[in-house]
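Close look at the chain arrangement
Okay, here's what each chain looks like letter by letter:
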Amino acid sequence: MFGTKKIDFGVCYYPEHWPKELWEDDLDRMILTGIEVIRIAEFAWSKFELEENIFDFTFFDEFLELVSKKDIKVIFCTPTATPPVWLTERYPEVLAVEYDGSVHRHGMRRQYNYNSPIYLEKTKIIVEKLVEHYGHNKSIIGWQIDNELNCVTNEFYAEADHVEFRKFVKNKYQNLVKLNEAWGTNVWNQTYTDWEEVFLPRYAPRKTTNPHLKLDATRFISESVLKFTSIQSEIIRKGVDKDIFVTTNGLFKNIDYNKMVQDSLDFITYDNYPTFGLLDKSNKLKDRRWSHHLSKTRAISSHFGIMEQQAGPGGWVNHHKAPTPKPGQLRLWTFQAIAHGADFISYFRWRTAPYGTEIYWYGILGHDNKDNRRLLEVKKTINDVKKIENLNNSDYQSEIAILHDYDNEWDSAYDVWTGPLVENSERALFETLQQNHIPFNYVNFSNTLSINNLKKYKVIFVPHLTIVKNSMVKLLKRYTEEGGKLVIGARSGYKDENGKCPMLTMPIKMTDLFGIEINDFTFLQDFDSSRQASFLDKKISMSDFNDILTPISSSCKTLATYTEDYYAGEAAITVNSYGKGQAIYCGSSFNQSNISEILTYFNITATFEKMIKLPNVCEIAVRENEYEQYIFVLNYSGDPQKIQLIEEFVDTKNNKKISGTIELVGYDVLVLKKLK
Amino acid sequence: MFGTKKIDFGVCYYPEHWPKELWEDDLDRMILTGIEVIRIAEFAWSKFELEENIFDFTFFDEFLELVSKKDIKVIFCTPTATPPVWLTERYPEVLAVEYDGSVHRHGMRRQYNYNSPIYLEKTKIIVEKLVEHYGHNKSIIGWQIDNELNCVTNEFYAEADHVEFRKFVKNKYQNLVKLNEAWGTNVWNQTYTDWEEVFLPRYAPRKTTNPHLKLDATRFISESVLKFTSIQSEIIRKGVDKDIFVTTNGLFKNIDYNKMVQDSLDFITYDNYPTFGLLDKSNKLKDRRWSHHLSKTRAISSHFGIMEQQAGPGGWVNHHKAPTPKPGQLRLWTFQAIAHGADFISYFRWRTAPYGTEIYWYGILGHDNKDNRRLLEVKKTINDVKKIENLNNSDYQSEIAILHDYDNEWDSAYDVWTGPLVENSERALFETLQQNHIPFNYVNFSNTLSINNLKKYKVIFVPHLTIVKNSMVKLLKRYTEEGGKLVIGARSGYKDENGKCPMLTMPIKMTDLFGIEINDFTFLQDFDSSRQASFLDKKISMSDFNDILTPISSSCKTLATYTEDYYAGEAAITVNSYGKGQAIYCGSSFNQSNISEILTYFNITATFEKMIKLPNVCEIAVRENEYEQYIFVLNYSGDPQKIQLIEEFVDTKNNKKISGTIELVGYDVLVLKKLK
Amino acid sequence: MFGTKKIDFGVCYYPEHWPKELWEDDLDRMILTGIEVIRIAEFAWSKFELEENIFDFTFFDEFLELVSKKDIKVIFCTPTATPPVWLTERYPEVLAVEYDGSVHRHGMRRQYNYNSPIYLEKTKIIVEKLVEHYGHNKSIIGWQIDNELNCVTNEFYAEADHVEFRKFVKNKYQNLVKLNEAWGTNVWNQTYTDWEEVFLPRYAPRKTTNPHLKLDATRFISESVLKFTSIQSEIIRKGVDKDIFVTTNGLFKNIDYNKMVQDSLDFITYDNYPTFGLLDKSNKLKDRRWSHHLSKTRAISSHFGIMEQQAGPGGWVNHHKAPTPKPGQLRLWTFQAIAHGADFISYFRWRTAPYGTEIYWYGILGHDNKDNRRLLEVKKTINDVKKIENLNNSDYQSEIAILHDYDNEWDSAYDVWTGPLVENSERALFETLQQNHIPFNYVNFSNTLSINNLKKYKVIFVPHLTIVKNSMVKLLKRYTEEGGKLVIGARSGYKDENGKCPMLTMPIKMTDLFGIEINDFTFLQDFDSSRQASFLDKKISMSDFNDILTPISSSCKTLATYTEDYYAGEAAITVNSYGKGQAIYCGSSFNQSNISEILTYFNITATFEKMIKLPNVCEIAVRENEYEQYIFVLNYSGDPQKIQLIEEFVDTKNNKKISGTIELVGYDVLVLKKLK
């Protein structure tokens, strides 16, 4: 990622947590382990500006002086995630405020809001000072802006946020007539008569607010984060050499990361903690579910970094109790990230914090600083990965895409009708595709998304596009016309860009694309959330919501009909021939049974089945460059699994040829190479 | 209801939500559907007073001008439910404040408090202006005050509420000695020494407060609502003709509706949404449970209106996900309301809101404005109802009553001992009586309730009369003396009107009426909430709480004895001969098993069993006037049901004679006529 | 307790709740019942100072004048638990404030904070006035300070608390360098640069705060309570005779009661309500669990009082619904308290409150004031107890101790890793020891705890000593060296006194004591919270957390090995020979199976099995003085139980000899005497 052809490895390090006497030993042991990069300083504002406007760089100068003597590089962070206490006590208006008015106080992280003029000023000063001082430091290869933007909280209600939101909508709508029109303020007597009456959502029972205002408020949050990021990015880019990269680490809610990367970053990095998956009872795929999140990351930067890769058990003193990774799992999870497109892995963290909230968020080393099995496993993992030439920058392979749109995500987050559909469908799509060995990409809709980005996919799933934008409809129609297979889920097409419902037949603007109308529908109750349908001759489940479809075009064919309730016999899933392609409308949320039948209908089987056969509990992922394919087989179970290699490959572990049926022990990983 | 002998039909309409071009088409289609009345303007303050004191009636003038040309009448609303944003921003003291201090802000509904002098002034002005302008409009047949008073929130803690509460108790108690005595402030050192120390309940852990103050606080809330209503009612009555009615729509908590009707209204209307019953997992009778709520409405106005009758699926963007009514259900629910005494049905709403919080609270028409099956069903329903002559103003028939008392309701709402008893007993009484085809009325205790109102009932159930008032005891004794059958539930008789416990033997003031004393009792635990008893020779369940009864009168007979725990063998249910009547004390909450045995003991069987036999899942309800009986049979199930007509009736559908066994299809309704 | 050799009996009485005409009858009936002492005035501030600085003692003078004529003594309370409303309205800064800023208002109890200078001043004045007036009253034998300190709330965040906390840490750390060091403020940029920046924890999501600050904050709460208590105690002691005792009633959280007794009290009293145990579904031992709480009380004062002993059903109007004690249970619970070391029993309360929040918190008498079965049972109980000579001041006998440390308790309360371990282990130890008839003492660690306090125990369990203090380690080592058997649970030894994690091998400072190192471990997930191990040849469960033990000393022997997961075969429980003793490290929380095997390994069987054999559902407890042993057998079940007396005893009921197998009816108690 950083100019090499191999995957790079790093670790998060906090010189300020340790006696200086430990520094050199730490760096030397890192190098022995294979670590090439350290990330530093993201919570260290006070080490540079302990009192307001009194700057002092001696602490990190001393540390970086030592680093410069070692074969190790640095990712340097701006420290804006945790303002010093003198700042928040002197200027409390910089603090983050919740919907209910609670003010975040010193002692946690991210206690600031993005719109306070004072905080923006203080941010500029500290970033300028740091860039001025460290901009040309030879060890530093890149900069991280802030840390985990929108983690902890992703909604902001400080006075400064209200003021800036007012400017945002003033700029967007120009006058109150247009704002009143856009937000439908005729309902419930909400008409605004003065800009000063406009606020971000404020308290009302059940957090009820005008939904169109709410959508704009979420757009405003994203814009606020992007503005904050770009202020820092501009300062950094001005003060550093051209080959120095700028990034930040995610992923968190209410941010248009694609726009952020476009505006301010070289690429995104992800903080990757698969044990969260182990703790979630409702998540059947456990740590393997993180392949979903890595796919979401890949939709932002096709090659990305892992800024924090889990290195031990996890927990805060007051929250979260995660088990110790079993032997093999740290390695497995590292390969999982790489298989999905990560070109840089930085473990969190070198050694466990000796105090503070995160004493149970274990690093590679424990409090006792002794060599341990996790250190050995990281070393072995790095060694294994480094054997694979040219992996860096090779592309993740998939025939299937899931379309994602930020407007729809943000609108559905507040919408109890569409919210659960989206969540359930995305989960079902991921689980079904994973278990059938069908790799997929998320594709995020944006103004730069082109037909070429879509055409490479055999099938595109679009779960629940309630908001319909002309540019998107145009793209989807063209994709289908040109031979694509489009599959859309229930409740698609009834809102405009403001989240309002125009007086049009559903699915609005797409009745021709799908060849249907929707004239009746029903929510299914929480305790009875599925109806059966007959798909050709198979029984499938139509979950959560049932759109009752009326085919209106001769090119439209009913694939499945409901078999229950008053709408038994009505169309449940239809397919329309549209140009050279086909457009399926699925009248419910996606679930394993209806996805499977749709895939079968389109003849989609395991993508690499001609090369490899593997059991359900293993994942296959393939990265490819001009010359080679790298095939990753990941065994998430603790038991040995039989893998059938139909073709002959090179095993990257020993560079030997390999074929036939082999056994992969529990948590093990196989990386095969195939020349093209 | 409105001067005709037939049931009237209306719809809620929002001219301000639609382009003016749609108005005429909407009105014409309404008339084709059978709609005779529209309700308008309840959230339209800004359409009359967009800026403070600048009034403008042109918008509604234009609409009403169009209406005047059509055969359609208008219920006009005062728009005080949603103050304009200029009002709440300029005078934030008018806003509703919750117990925890949260202030309701612009964007939802009912964000005001009833006691703010400014809000009262602004209310008077807008109502006066509207009455002045529209008071003699020929299309307007009645006025609705505000909308759903006490919906959203039914407790208020703004500064103005505290101030007014202080006046309320000052007026009630005159001096602090009496207030301290009434509230028992000796306990926990609560003695007040200055009026300024008196507040509505304020924050304490678990919302703990003096329970006698709490009871007065609830009485004060009801008084506040009544005062607010009567201010508006007086203005309207002064400015309109005598035949114009005044109403409001309910039902919500903490309001003495009987007093409200007496003071300010011609009758009450109810907002009727039976799908709430479908969504409630714990509610076995689903939509049929709404017969309970209609009975509660009937206890306020024996003939009432439905101001909002459900017309489609329901939901807000951020809350509530209700299914689409199945074919037949809209009609069923309309007939259910009429069977219970509704003489006017106004559907909510003509067409679904295109924006705002209620985009999923479907009207008859959907967003697309196309004719749909719901429109056809409404049309058919109206047609069916209109066939029935003279139904309007006929009376609901029942032999059984349940006595309800606002003081007891409000006291038990804060009392964890009696609260669950009341809730469980009312539910069990409703379900048992419904399923045994025994129609009943609620009778609300008030100062105008007379012995004649009670004497018409064979049996009166009184669930858990913890507060005992002399006037009520007198009435119950007289009812029993004169031959009535009285049945009271556990924990009756131990509090005075302040909710305090006098030094008297339980059931206080009623030991002679029931011929018993209660010297021991026990709460049953949540996880073991019933004990068995033997009622004559049958096993019954004694649920939630067990009073252990000691007969003290020779006229008292033990009907059931406990068979478990240390009080096995003690009396559980007793009956006392009192005058010509009988008084039963049931030592637990009411449940299906003890209610059934009590009914059997009193020889109460299905009220109309000599005329009709019908299965459990169907309801029978009878309305009657001088000349005729109308028998409603309602099939709540989706399956056909066999109904056995023992006598000969006229089927109102076709005016033909009908008898013998007939089949009623799913969700269907049979309305029979019988001459007296 | 109060100078007699017998157990004393009292009752809580509220002269201010009743008409004066009732007083004499009440006192006379108390005396007939056997009551010797009444506790009064704890909520009666307004009876002495109805307006600020206007004192008036006539009300209680009149009552005490009457008391002086009766054979009844008085415990007089300071009334600071409920300040008058004039005080809290005039000086709202005295009010208690919650973490979220909610202010406790007049109407509940304990609405003040301990650090408000005004409240301290007002407290001094009222206590001085009361002591001045009643200090030498002949009826008064002792004083209760306040009432239930830290009940209702045990965390305080008023401005005065922040200010005083700042002083507390300033005094503790002297300068900010040391404070920053102690709290590890390097993490998350928390470095303090000015004392004014230091606060008690303030709002942050999930109440996240610096855990070392949090520990100091809890210490500060305890210190605040102790200071408040000692201010009152000093005033009382100055103004009363030497033989007058001073106490307060507990037990509540965040108080070092051992220090409190040392500083300010003669002994502690406990408020004892075993029905809380009946209501707790998760508590298998129900009311018997209160033996646990009585043991905790005994660790504070080896002989203690019960200031409030449950006398009836319990409940507040708005919270808590407890059943009526069954016949025999009031007596059983009284004997349970005495068996565990209570030398004084004061029932709560004489007669049930007629108004206020506690109308369902029943006293001996009900609202009706009639003689009832509870009164008869109390009378019989007192009579039974009074037959037992010399019981007062005899000592509870046990061979086993559980070590408790306030610092560890307070640290683990905020720590989600250790908190559940402590809770589960303490519950398992109590249940296992109880059901195996092995009485135990809690021993609270303090600076005055000596080796002699420990040496009398065969085995000491130490559940989860995460914080390790040198003085404690020294004591535990000496105990073991001298022949003791020490058993410690998982996660012991990794924090210093600030709750920080030093760079040392676990269990820090105790690797030699246990002969092991801990180099790996894992939290078990909530839904899979146990792993199996093999203890010698038996299967046991290793619950909640698994430390993986590495024996490092030749004197260390592995007792149990894990049989599951990746650490199968590793040591789970080890025993180390240390001096003349043995030190067991148990790598998980304690549970019935591992405790049982450890007891068997140490040959610990039922302590009194040579004297008595009794079934599981009965408890045995023994009190002993120089000459005699009193053996209590308590039957918590409602069924008769067979007790086998192996030796011959004297039955205190009739002073007759008794031996062989006897039957104890449900809820009955046997108290045997044995001469030594």
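Residues numbered from 1 in each chain as written. Chains lettered and ligands numbered in written order. Predicted model: local features only at pLDDT ≥ 70, side-chain atom pairs only at ≥ 80, totals over all residues. Heavy atoms only, no water.

What counts is decided by this rule: UniProt positions are given in the numbering used here, feature names are shortened, and annotations may be inferred rather than shown by experiment.
Chain A appears in an unreviewed UniProt entry as Beta-galactosidase from Enterococcus aquimarinus. According to its UniProt record, chain A has this under Catalytic activity (unreviewed entry): "Hydrolysis of terminal non-reducing beta-D-galactose residues in beta-D-galactosides." Recorded in UniProt for chain A, the comment headed Sequence similarities (unreviewed entry) runs: "Belongs to the glycosyl hydrolase 42 family."

Examining the overall build of chain A
Worth spelling out the cut-off: Strands are runs of DSSP state E lasting at least two residues, helices are runs of H or I lasting at least four, and both sets are numbered from the N terminus onward. Computation of the radius of gyration draws on C-alpha atoms alone. For the globule rule, the value is 2.2 Å times the number of residues to the power 0.38. Type-normalised accessible area, obtained with a 1.4 Å probe on protein chains alone, sets the label of each residue: buried when under 20%, exposed when over 50%, and partly exposed for intermediate values. The contact criterion used throughout is that any non-hydrogen atoms of two residues lie within 4.5 Å. Positive residues here are Lys and Arg, negative ones are Asp and Glu, while His and the chain termini are left out of the count. The location of each charge is read from NZ of Lys, CZ of Arg, CG of Asp or CD of Glu.
Helices and strands together make up the secondary structure of chain A, namely 19 helices and 27 strands. Computed over its C-alpha atoms, the radius of gyration of chain A comes to 26 Å, within 12% of the 26 Å expected for a compact globule of 676 residues. If one aligns the C-alpha atoms of chain A with their principal axes, the spans along those axes are about 80 × 75 × 45 Å. A total of 676 residues make up chain A; the buried ones form 68% of that total. Here the analysis covers contacts within chain A between residues at least 6 apart in sequence; of these, 73% occur between residues at least 24 apart. Charge-centre separation for chain A: the mean point of 80 positive side chains lies 4 Å from the mean point of 90 negative side chains.

As for the sheet that holds strand β1 (residues 8-12) of chain B
Sheet strands pair via backbone hydrogen bonds, and the direction of the pair is either parallel or antiparallel. Residue and element names in this part refer to chain B. Filter applied, for reference: Any two strands with at least two DSSP-identified bridges between them are counted as paired. Whenever a helix is involved, its axis is fitted only over the stretch in contact; in every case the axis is a line through C-alpha atoms, and angles between N-to-C directions fall within 0 to 180 degrees.
One open sheet holds the nine strands; their spatial order is β5-β4-β3-β2-β1-β9-β8-β7-β6, and the pairing between them is parallel. In this open sheet, the two strands that pair with only one neighbour each are β5 (245-247) and β6 (249-250). When strand β7 (residues 269-272) meets strand β8 (residues 304-310), the two strands line up parallel, connected through four bridges. Its bridge partner lying in β8, aspartate 271 is registered against glutamate 308. Along the sheet, helix α13 (residues 373-386) contacts β1 and β9 (342-348); its crossing angle with β1, the most-contacted strand, is approximately 155°.

With respect to the interface of chain C and chain A
Test applied: A 1.4 Å probe defines the accessible area here, and the buried area is the portion of it lost by two parts on being joined, summed over both. Take a side-chain nitrogen of Lys or Arg and a carboxyl oxygen of Asp or Glu: if they are within 4 Å of each other, that pair is a salt bridge. Any pair of nitrogen or oxygen atoms within 3.5 Å is treated as a polar contact; in protein, a donor-acceptor pairing is required on top of that, and neighbouring residues in sequence qualify only through side-chain atoms on both sides.
Taken together, the 50 residues of chain C in the interface contact 58 residues of chain A. Carbon and sulfur atoms make up 59% of the area that chain C and chain A hide from each other, which totals about 4800 Å². Looking at the side of chain C facing chain A, the largest losses of area belong to C:Trp188, C:Asn189 and C:Met503, adding up to 18% of the total buried there. Put simply, chain C and chain A have five salt bridges between them. With a closest N to O distance of 2.9 Å, C:Asp565 and A:Lys326 form a salt bridge. Summed over the shared surface of chain C and chain A, the number is 29 residue pairs in polar contact (both at pLDDT 80 or more).

A short note on the UniProt feature "domain: Glycoside hydrolase family 42 N-terminal" (unreviewed entry) in chain A
Mapped onto the present numbering, the UniProt feature "domain: Glycoside hydrolase family 42 N-terminal" (unreviewed entry) falls on residues 12-388 of chain A. Structurally, residues 12-388 of chain A comprises 40% helix and 10% strand, and the distance from its first C-alpha atom to its last is 24 Å.

A short note on α13(B)
Residues and elements named next belong to chain B. Selection rule: In this scheme, a helix's expected span is set at 1.5 Å multiplied by one less than its residue total.
For α13, with 14 residues, the first-to-last C-alpha span of 20 Å sits near the 20 Å given by 1.5 Å per residue. Those residues of α13 hidden inside the fold are in contact with β1, α1 (20-33), α12 (329-339) and β9. Regarding α13, its N-cap is asparagine 372, as a side-chain oxygen of that residue lies 3.2 Å from the backbone nitrogen of arginine 374 further along.

A look at the interface of chain C and chain B
What counts here: Under the scheme applied here, ten amino acids are nonpolar (Ala, Val, Leu, Ile, Met, Phe, Trp, Tyr, Cys and Pro), four are charged (Asp, Glu, Lys and Arg), and all others, including Gly, are polar.
Of the residues lining the interface, 58 residues belong to chain C; the matching set on chain B comes to 50 residues. Between chain C and chain B, roughly 4800 Å² of surface is buried when both sides are summed, and carbon and sulfur atoms account for 59% of that area. It is C:Lys321, C:Tyr355 and C:Tyr360 in chain C that bury the most area against chain B; as a group they hold 15% of the surface buried on that side. One can count five salt bridges joining chain C with chain B. Connecting chain C to chain B are 30 residue pairs in polar contact (both at pLDDT 80 or more). Every element with two or more residues in the side of chain C that touches chain B is listed here: α2 (45-48), α4 (85-90) and α10 (275-279) of chain C. When its residues are assigned to classes, the side of chain C that touches chain B shows 26 nonpolar, 17 polar and 15 charged.

Regarding the pattern of salt bridges
As enumerated under the stated definition, the model contains 159 salt bridges over all chains in all. Among the salt bridges present, the one from B:Glu155 reaches B:Lys214, with a minimum N-O distance of 3.2 Å. Residue B:Glu155 is located in the loop between β4 (140-144) and α6 (159-173), and its partner B:Lys214 is located in helix α8 (residues 211-239); the two are separated by 59 residues in the primary sequence. Taking the relative accessible area as the measure of exposure, B:Glu155 reaches 23% and is therefore partly exposed. Here B:Asp526 ties to C:Lys321 by a salt bridge, and the two come within 3.4 Å at their closest N and O atoms. In this pair, B:Asp526 sits in the loop between β15 (516-523) and β16 (530-535) while C:Lys321 sits in the loop between β8 (304-310) and α12 (329-339), so the two residues belong to two different chains. For B:Asp526, a relative accessible area of 61% gives the class exposed. Several salt bridges converge on common partners, so that one network encompasses A:Lys172, A:Asp216, A:Arg219, A:Asp405, A:Asp407 and A:Lys469.

Comments concerning the packing of helix α11 (residues 290-298) of chain B against helix α15 (residues 419-435) of chain B
All names here are of chain B. Put simply, the rule is: By the definition adopted for this analysis, an angle is roughly parallel if under 35 degrees, roughly antiparallel if over 145, roughly perpendicular if from 65 to 115, and oblique otherwise.
Here α11 crosses α15 at 105°, and the two axes come no closer than 10 Å. In terms of axis orientation, α11 runs roughly perpendicular to α15. On α15, the residues touching Ser291, His292 and Lys296 of α11 are Glu426, Phe430 and Gln434. Looking at the contact of α11 with α15 residue by residue, the classes come out as one nonpolar, three polar and two charged.

Quick look at the relation of the copies chain C and chain A
What counts is decided by this rule: The atoms used to superpose the copies are C-alpha atoms, taken from residues with pLDDT of at least 70 in both, and the fit is least squares.
The operation relating chain C to chain A is a screw motion whose rotation component is 120°, with 0.1 Å of axial translation and a residual RMSD of 0.0 Å. Such a turn and shift between the copies fits a three-fold axis.

Re helix α9 (residues 257-264) of chain A
Residue and element names in this part refer to chain A. Every buried residue belonging to α9 is among Tyr257, Asn258, Met260, Val261 and Ser264, and all of these are buried. Packed against the buried residues of α9 are α8 (211-239), β5 (245-247), β6 (249-250), α14 (406-413) and β12 (440-444). With a side-chain oxygen lying 3.2 Å from the backbone nitrogen of asparagine 258, the N-terminal cap of α9 falls on aspartate 256.

Considering the UniProt feature "domain: Beta-galactosidase trimerisation" (unreviewed entry) in chain A
With numbering aligned to this structure, UniProt lists the feature "domain: Beta-galactosidase trimerisation" (unreviewed entry) at residues 399-600 of chain A. Its end C-alpha atoms 14 Å apart, residues 399-600 of chain A is made of 27% helix and 33% strand.

Brief notes about unusual backbone geometry
Both trends apply: most residues other than glycine have a negative phi, and most peptide bonds are in trans. Between B:Met506 and B:Pro507 the backbone carries a cis peptide bond, its omega angle lying at -15°. Tracing the sequence through the fold places B:Pro507 in the loop between β14 (485-488) and α18 (511-514). Here the bond from C:Gly250 into C:Leu251 is cis, since omega is 5°, no more than 30 degrees from zero. Counting through the fold element by element, C:Leu251 comes out in the loop between β6 (249-250) and α9 (257-264). Although it is not a glycine, A:His320 sits at a positive phi angle of roughly 85°. Its place among the elements puts A:His320 in the loop between β8 (304-310) and α12 (329-339). Using a relative accessible area of 12% as the deciding quantity, one classes A:His320 as buried.

So, the sheet that holds strand β2 (residues 37-40) of chain A
Residues and elements named next belong to chain A. As summarised here, the arrangement of the nine strands in space is β5-β4-β3-β2-β1-β9-β8-β7-β6, forming an open sheet in which the pairing is parallel. Looking at strand neighbours, the two that pair on one side only are β5 and β6, the edges of this open sheet. When β8 meets strand β9 (residues 342-348), the two strands line up parallel, connected through five bridges. Following the sheet pairing, glycine 305 is matched in β9 by phenylalanine 344. This element, helix α11 (residues 290-298), spans β7 (269-272) and β8 of the sheet and lies at about 165° to β7.

Quick word on the domain arrangement of chain A
All names here are of chain A. So the rule is basically this: Note that the domain bounds reflect an automated or database-derived domain assignment.
Each domain of chain A was delimited in the assignment, giving domain 1 (398-601) and domain 2 (612-675). Just the C-alpha atoms count here: the centres of domain 1 and domain 2 sit 34 Å apart. Each partner contributes to the interface: domain 1 provides four residues, whereas domain 2 provides six residues. For the pair domain 1 and domain 2, the summed buried area comes to about 430 Å², and 47% of that belongs to carbon and sulfur atoms. It is Gln434, Gln435 and His437 that lose the most area in domain 1 upon contact with domain 2, and together they represent 87% of the buried surface on that side. Counting across the interface, domain 1 meets domain 2 through zero salt bridges. Taken together, domain 1 and domain 2 are joined by four residue pairs in polar contact (both at pLDDT 80 or more). A per-class count over the side of domain 1 that touches domain 2 returns one nonpolar, three polar and no charged.

A word on the side chain of B:Arg29
All names here are of chain B. Looking at the element boundaries, arginine 29 is found in helix α1. Judged by relative accessible area, which is 13%, arginine 29 ranks as buried. Of note is the side chain of arginine 29, whose polar atom sits 2.6 Å from the side chain of aspartate 371. Those residues in contact with arginine 29 that sit more than four places away from it in its chain are Trp350, Leu365, Asn369, Lys370 and Asp371.

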